[in-house]
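Topology and contacts: notes
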2 protein chains.
Amino acid sequence: MTVASTLIDDFTDAVGSDAVLTSEADLREFRDPFAFATWDDYTASAVVMPETVEQIQEVVRIANRHGVPLWTHGQGRNNGYGGPAPRVRGSVIVSLRNMNRVLEINEECAYAVVEPGVRWFDLYDAIRAGGHRLMLSIADVGWGSVMGNTLDNGVTYMPYGVDMGMQCGMEVVLANGDVMRTGMGAMPDNKSWHVYKRGLGPTPDQLFMQSNFGIVTKIGVWLMPYPEVYMPLWLRVRKDDDLAPAVDTLRTLMLDDTIRMVPQLLSATLLASVLSERTQWWQGEGPIPDAEIDRMASELDIGRWTMRFALYGDDAVVDHRFAKIKEAFERIPGADVYGTKCAPEDIPDLEHPVERVQGGVPSMDLNQMAAWYGGEEGGHIGFSPVAPLTGHDALALRDLLRGMIEEAGLDYMAALIPINARSFIHVTLIIFDTKNEAQTRAAYDVAKRLVRDAAKLGYGEYRAHLDFMDLAAEQYSWNDHAYMRFCETIKDALDPNGILAPGKQGIWPKAMRGSAGGRT
Amino acid sequence: MTVASTLIDDFTDAVGSDAVLTSEADLREFRDPFAFATWDDYTASAVVMPETVEQIQEVVRIANRHGVPLWTHGQGRNNGYGGPAPRVRGSVIVSLRNMNRVLEINEECAYAVVEPGVRWFDLYDAIRAGGHRLMLSIADVGWGSVMGNTLDNGVTYMPYGVDMGMQCGMEVVLANGDVMRTGMGAMPDNKSWHVYKRGLGPTPDQLFMQSNFGIVTKIGVWLMPYPEVYMPLWLRVRKDDDLAPAVDTLRTLMLDDTIRMVPQLLSATLLASVLSERTQWWQGEGPIPDAEIDRMASELDIGRWTMRFALYGDDAVVDHRFAKIKEAFERIPGADVYGTKCAPEDIPDLEHPVERVQGGVPSMDLNQMAAWYGGEEGGHIGFSPVAPLTGHDALALRDLLRGMIEEAGLDYMAALIPINARSFIHVTLIIFDTKNEAQTRAAYDVAKRLVRDAAKLGYGEYRAHLDFMDLAAEQYSWNDHAYMRFCETIKDALDPNGILAPGKQGIWPKAMRGSAGGRT
């Protein structure tokens, strides 16, 4: 009997044979869906699917005994950043898709408690089924895990999407198999676990986001009571450089609390990718020329930049704010702001998927842009640096990214996402046809060049694709990589055998540093 | 030459002789001002006052060489929780009072960057001097350190006082003398250090709050642009049990964003302590009887509970919200809500210090309540558990705390502070005459009984006094103290010699666990 089969036997004993997958057909589902078919840098050797905290503890203990790396996900929908695939080839994926209970919905204090596999769809359905007049801030695509998105610092769009607004209280299985509760949950039967964000002493919750220090098994999620009125809004500006005054106006309106949610400023190319086929606009070589983008925007009646956003609140307040917003943005020549109020009960009936998403109603409708190049299986890489929410930073990043992406023969497609009143994430969707190996390779290559060049201008990634996690982390080098050395100290203390997600966001356990990756 | 004098020589070499204090007279200033005069459990052996990051690094290296514990403060105004005094007798205090530069005020993105010794007064003055139309969310007493308050999870009252709203970006000297920047600051010359709350990978900022894992040397502080209108407000309710509907109404108004700041619900006894002398109302034995509290409230024309709060925003929105708030609270029989709008420019001229504090204008006016018992040097201990923001939890905590405090012969004086829409900190001010040893001892003793009894009901402290930090931490015992074991693992990894603030919030380094304190 080989070591490997002993390992699989141990996992089978822990979670049952139905919950251990090893066949090539089964494993295919856990590859990066946007990688070229023959690439196998990030393939797992097995998938285990525990359903309880105790099973996770046992899986972790087995991994320690065998020295095998684990890679955890809630649903594994981390598309654009590597999907469900592990950083280290041969890792065992711990898929928590079947650990999907909504453990509590508290109407009085407006929160839910979820397990890792709970999807946006599931929590939304549970809230509706319970008759709660509560709204959930969701991501664009409904199949993702609430917890998975949270732990990767993913974005949602309602007021609790701002900064770290939504999560409160956490349970974590540590690398030694121990289980810990954070905040007030560290006290047995404490009543404030999911209402107060701290406990006594340091608050470790953020330490388990974008890291490999533990496997999170429960989080509290704050929900928003139904407002009197919901008003999805659209801003269109006509010229490419109108991005600057649009961003400056937006910052002012977010700083003074007129807009409190997470908008998206979409380039015409990106919005067109959900409304049309690329071949409609351009069949020549290389990226779509500027004049064709103008034509496209005009014919589709979208802005050269279009902002999706929304207001939530009392009818009178929403009216006041809408008038103020419209007046402020329409000072930009050619710009317009429009939208229609509705009652929260009517959000599921709205036609536009974006207007439903910003109102907390999940769907799969926004998962289609990747077909831009006409391939059957379009893919994208997210390159996503952060910048101050100012017009000059927006133009500086646009110019850098557009220049380099077009130089690589691809279209510049951008969503600027102000995660708070002072900063935005410039999500650059590098879109390619995954059946075209050369184009896929070009996309990966340009993404890596962007990591270095954006860092030189002072912009760092908020989240990194598997294929350049090390490179992205490498840019955070202040004082001889003091931050990474700190992360490594924590990693080695908590996970001396290095079994939890080695390489995640560039953090490697001691035994693997310098060989598999990371700093030497 | 003794080891001790070598130590002092080393410190003197590092920071200069003027910045090393060892005389008894000098050290007196760094005692807990509210401890009884002869108590010496928490006295320091020396104070060093570095003025630069490099000096702090050198002080930390010296402490490692000599194995001497350090205890750091910004200003040391942690009154009610031990003031500037260290947990371990003989520790060397690292006082950062002289490291007090405002390093930057950014008008465009509305933030400041401060060193540890910057007081509320200093930052307020710097903002005014620069002509910035920006407001700072402040604590009640202006002499405290902005950073010190932040690192102890202290409370401020404007919108950025909610949860962890205000701090963004951090620089920390670690126990090994290394210096690290968090978030985007981990990338050299990154532009988003003080505008985006994370970086790439885990976010460690909260790990340096209420802990002993590092010495923080810089933080970013978010400021609020002047609103059109500021409206300080007062709610009075007439009966003791009106606390319940007041809290339930408040939760609804905070959850729907009508009130977004940090209010205080004050017991009549607490408010009376700033408006009058205790002897005016009661000269008998034991605590003031209930009927006398009613009489006091009536004669002072204050509520049995009085809430201080405020609105900030556009004139029309403030008007709408005021009408809504007034209507909601005045459903409680006898309750009234009142206040007067003003322009932000006029806040410094407001007569009531609370109305200035909620408007970001610091003073020393709210530092007087401790004289309640008529002693020259009144003191207080803060006992401060957290509870869900519901009427039933407010009454449950009130009944527990009032019963026990009155049983000890003291007056129940409470400020309920909703730190967000879902939870409040019940700050119980146990007030005593520090010249009266028996009364001081009784206050300490009852605080300790409260720690255990509140925990039994599911309420834990948000912050603990030096004298019962271990006891408070001991209550966070879920899964055999998993959280504390986690903190100890981090502590031992980052600070193997245990030189940084041993015992802080119950976290002890390996060598001292079980002997000096903490878990065995």
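Calculation criteria
Residues numbered from 1 in each chain as written. Chains lettered and ligands numbered in written order. Predicted model: local features only at pLDDT ≥ 70, side-chain atom pairs only at ≥ 80, totals over all residues. Heavy atoms only, no water. Helix = DSSP H or I, 4+ residues; strand = E, 2+ residues; numbered from the N terminus. Rg over C-alpha atoms; globule rule 2.2 N^0.38 Å. Buried < 20%, exposed > 50% of the residue type's maximum accessible area, 1.4 Å probe, protein only. Contact = heavy atoms within 4.5 Å. Areas by Shrake-Rupley, 256 points an atom, 1.4 Å probe, with all protein chains shown as cover. Lys, Arg positive; Asp, Glu negative; His and termini not counted. Charge placed at Lys NZ, Arg CZ, Asp CG, Glu CD. pLDDT = per-residue confidence, 0-100. Buried area = accessible area lost by both parts, 1.4 Å probe. Salt bridge = Lys/Arg side-chain N within 4 Å of Asp/Glu carboxyl O. Nonpolar A, V, L, I, M, F, W, Y, C, P; charged D, E, K, R; others polar. Phe/Tyr/Trp six-rings, centres within 6.5 Å; stacked < 30°, edge-to-face > 60°. Least-squares fit on C-alpha atoms with pLDDT ≥ 70 in both. Pairing = 2+ DSSP bridges. Axes fitted to C-alpha atoms, helices over the stretch in contact; angles between N-to-C directions. Polar contact = N/O pair within 3.5 Å; in protein donor to acceptor, adjacent residues only side chain to side chain. Parallel < 35°, antiparallel > 145°, perpendicular 65-115°, else oblique. Left-handed = near helix turned anticlockwise from the far one by under 90°. Expected span 1.5 Å × (residues − 1). Bend = angle between axes of the 7 residues up to and from the residue. Core = buried A, V, L, I, M, F, W, Y, C linked by side-chain atoms within 4.5 Å.

A few points about the overall build of chain A
In terms of helices and strands, chain A carries 14 helices and 19 strands. For 520 residues, the compact-globule formula gives about 24 Å, and the C-alpha radius of gyration of chain A, at 23 Å, lands near that figure. If one aligns the C-alpha atoms of chain A with their principal axes, the spans along those axes are about 70 × 55 × 45 Å. The 520 residues of chain A split such that 68% are buried. Relative to all contacts within chain A whose residues are 6 or more apart in sequence, the contacts with residues 24 or more apart total 73%. When the accessible surface of chain A is summed, it comes to about 17100 Å², and 48% of that surface belongs to carbon and sulfur atoms. The averaged location of the 71 negative side-chain charges in chain A is 4 Å from the averaged location of its 48 positive side-chain charges.

Remarks on the confidence of the model for chain A
Detailed reading of the predicted coordinates is not advisable wherever pLDDT is low. Looking at chain A, pLDDT values average 95 and 97% of them are 70 or higher. The ipTM, which scores confidence in the relative placement of chains, is 0.96 for this predicted complex, and the corresponding pTM is 0.97.

Some thoughts on the environment of R449 of chain B
Relative to the elements of secondary structure, R449 of chain B occurs in helix α12 (residues 437–456). Apart from residues no more than four positions distant in its own chain, R449 of chain B is found in contact with M404 and A408 of chain B.

Concerning the interface of chain A and chain B
The accessible area lost on association of the parts is a frequent measure of interface size. Contact with chain A, which involves 93 residues of that partner, is made by 93 residues of chain B. Across the chain A to chain B interface the summed buried area is about 8100 Å²; carbon plus sulfur atoms make up 61%. Considering only the side of chain A, the residues that lose the most area to chain B are L200, R422 and W478 of chain A, jointly responsible for 12% of the buried surface there. Counting across the chain A and chain B interface gives 6 salt bridges. The partner of R260 of chain A in a salt bridge is D257 of chain B, with the nearest N and O atoms 2.6 Å apart. Here the element with the most residues in the side of chain A that touches chain B is helix α14 (residues 478–494) of chain A; it accounts for 11 residues. Among the residues forming the side of chain A that touches chain B, the class breakdown is 48 nonpolar, 24 polar and 21 charged.

A closer look at the packing of aromatic side chains
This structure, assessed with the given rule, holds 16 aromatic pairs over all chains. Look at W39 of chain A and Y444 of chain A: their rings are 5.0 Å apart centre to centre, the planes differ by 85°, and that puts the pair in the edge-to-face class. Placement of W39 of chain A in the loop between α2 (24–28) and β2 (46–48) and of Y444 of chain A in helix α12 (residues 437–456) is noted, with a sequence separation of 405 residues between them. For the pair formed by W39 of chain A and Y444 of chain A, the shared burial category is buried. Here the aromatic rings of F309 of chain B and F329 of chain B are separated by 6.2 Å at their centres, their planes lie at 65°, and the arrangement is edge-to-face.

Focus: the relation of the copies chain A and chain B
Mapping chain A onto chain B is achieved by rotating through 180° and translating by 0.0 Å along the same axis, at an RMSD of 0.0 Å. Taken together, the rotation and translation describe the operation of a two-fold axis. Interface overlap between copies: 100% of the residues of chain A at the interface are likewise at the interface in chain B, consistent with a symmetric, same-surface contact.

Thoughts on the sheet that holds strand β8 (residues 167–174) of chain B
Residues and elements named next belong to chain B. Strands sit in the order β5-β6-β10-β8-β9 across an open sheet of 5 strands; the sheet is antiparallel. Taken across any chain shown, the strands that pair with only one partner, and hence form the sheet edges, are β5 (102–106) and β9 (179–181). If you compare each strand with its neighbour and ignore which way they point, the axes differ by 15° on average. Across 4 bridges, the pairing between β5 and strand β6 (residues 111–114) is antiparallel. Considered in β6, the bridge of I105 is made with A112. Here helix α3 (residues 53–66) sits on the sheet in contact with β8, β9 and β10 (214–222), set at roughly 45° to β8. Where helix α4 (residues 120–129) meets the sheet, its contacts fall on β5, β6 and β10, and the angle it forms with β5 comes to roughly 45°.

Topic: the pairing of strand β6 (residues 111–114) of chain A
All names here are of chain A. Across the two faces of β6 the burial is the same, with Y111 and V113 and A112 and V114 all buried. The hairpin formed by strand β5 (residues 102–106) and β6 contains 4 residues between the paired strands, and A110 there has a positive phi angle of roughly 60°. As defined by bridge partners, β6 adjoins strand β10 (residues 214–222) across 4 bridges and the pair is classed as antiparallel. For V114, the partnering residue across the bridge sits in β10 and is I219.

Some points on unusual backbone geometry
Residue and element names in this part refer to chain B. For D257, which is not glycine, the phi dihedral falls at a positive 75°. With respect to the element layout, D257 can be found in the loop between α6 (243–255) and β13 (264–267). Within the chain, H481 stands out as a residue other than glycine whose phi angle is a positive 60°. When you line up the elements, H481 lands in helix α14 (residues 478–494).

Some thoughts on the environment of G403 of chain A
With respect to the secondary-structure elements, G403 of chain A resides in helix α11 (residues 391–407). Considering only alpha carbons, one finds G403 of chain A and M170 of chain A, 233 residues apart in sequence, at a separation of 42 Å.

What about the environment of K491 of chain A?
Residues and elements named next belong to chain A. Summarising the element assignment, K491 is placed in helix α14. Taking C-alpha positions, K491 is 41 Å from G130, a pair spaced 361 residues apart along the chain. Those residues in contact with K491 that sit more than four places away from it in its chain are N212, F213, P496, L500, I507, W508 and P509. A distance of 2.7 Å separates polar atoms of two side chains, one belonging to K491 and the other to D495. Engagement of the side chain of K491 in a polar contact is seen with the backbone oxygen of L500, the distance being 2.7 Å.

Description of the sheet that holds strand β3 (residues 70–73) of chain B
Each strand in a sheet pairs with its neighbour through backbone hydrogen bonds, running either in the same direction (parallel) or in the opposite one (antiparallel). All names here are of chain B. An order of β1-β2-β4-β3 is seen for the 4 strands of this open sheet, with the pairing classed as mixed. Since the sheet does not close on itself, it has two edges, and those belong to β1 (20–21) and β3, each with one partner. Summarising the sheet, β1 and strand β2 (residues 46–48) pair through 2 bridges and their orientation is antiparallel. Looking at β2, one finds that V20 is bridged to V48.

Details of the packing of helix α6 (residues 243–255) of chain A against helix α9 (residues 315–329) of chain A
Residues and elements named next belong to chain A. Where α6 contacts α9, the two axes come as close as 10 Å, and the packing angle between them is 150°. Comparing their axes, α9 and α6 come out roughly antiparallel. As for the relative orientation of α6 and α9, their crossing is right-handed in sense. Contacts between α6 and α9 involve A246, T249, L250 and L253 from the first element and K324, I325, A328 and F329 from the second. Of the residues contributing to the contact of α6 with α9, the split by class is 6 nonpolar, 1 polar and 1 charged.

A closer look at the side chain of E461 of chain A
Relative to the helices and strands, E461 of chain A resides in the loop between α12 and α13 (469–474). The charged side chain of E461 of chain A is buried without a salt bridge, its nearest counter-charge being R463 of chain A at 8.9 Å. Within the structure, E461 of chain A has its side chain in polar contact with the backbone nitrogen of S384 of chain A (distance 2.7 Å). Those residues within four positions of E461 of chain A in sequence are excluded, and the remaining contacts are G382, F383, S384, P385, V451, F468, A472 and Y476 of chain A together with M184, G199 and L200 of chain B.

Let's talk about the pattern of salt bridges
Pairing between side chains of opposite charge can happen when the charged atoms of each approach one another. Under the defined criterion, the tally for this structure stands at 86 salt bridges over all chains. D240 of chain A serves as the salt-bridge partner of R304 of chain A, at 3.7 Å between the closest nitrogen and oxygen. One end of the pair, R304 of chain A, is in the loop between α8 (290–300) and β14 (305–313); the other, D240 of chain A, is in the loop between β12 (229–237) and α6, and 64 residues separate them in sequence. Look at R304 of chain A and you get buried, because its relative accessible area is 4%. Using a relative accessible area of 16% as the deciding quantity, one classes D240 of chain A as buried. A salt bridge links D495 of chain B to K491 of chain B, with the nearest nitrogen and oxygen atoms 2.6 Å apart.

Focus on α14 of chain A
With 17 residues, α14 of chain A should cover 24 Å at 1.5 Å per step; its first-to-last C-alpha distance of 24 Å lies within 8% of that length. At R485 of chain A, α14 of chain A is bent by approximately 35°, the largest bend along its length. In this structure, the buried residues of α14 of chain A make contact with α13 of chain A together with β8, β9 and α14 of chain B.

Digging into the nonpolar core
Membership of the largest hydrophobic core comes to 319 residues, with the highest contact counts inside it found for F329 of chain A together with F329 of chain B. Excluding anything up to four places from it in sequence, F329 of chain B contacts L235, A246, T249, L250, L253, I259, M307, F309, A335 and V337 of chain B.

Considerations on the pairing of strand β18 (residues 414–418) of chain A
Residue and element names in this part refer to chain A. Of all 5 residues that make up β18, 5 are buried, and the element is covered over most of its length. Pairing of strand β13 (residues 264–267) with β18 involves 2 bridges; the strand directions are antiparallel. Each bridged residue has a counterpart across the sheet, and for L266 the counterpart in β18 is A415. Here 5 bridges tie β18 to strand β19 (residues 423–433), and the two strands are oriented antiparallel to one another. Within the sheet, the bridge partner assigned to P418 lies in β19 and is F424. Hairpin connection from β18 to β19: 4 residues lie between these consecutive antiparallel strands.

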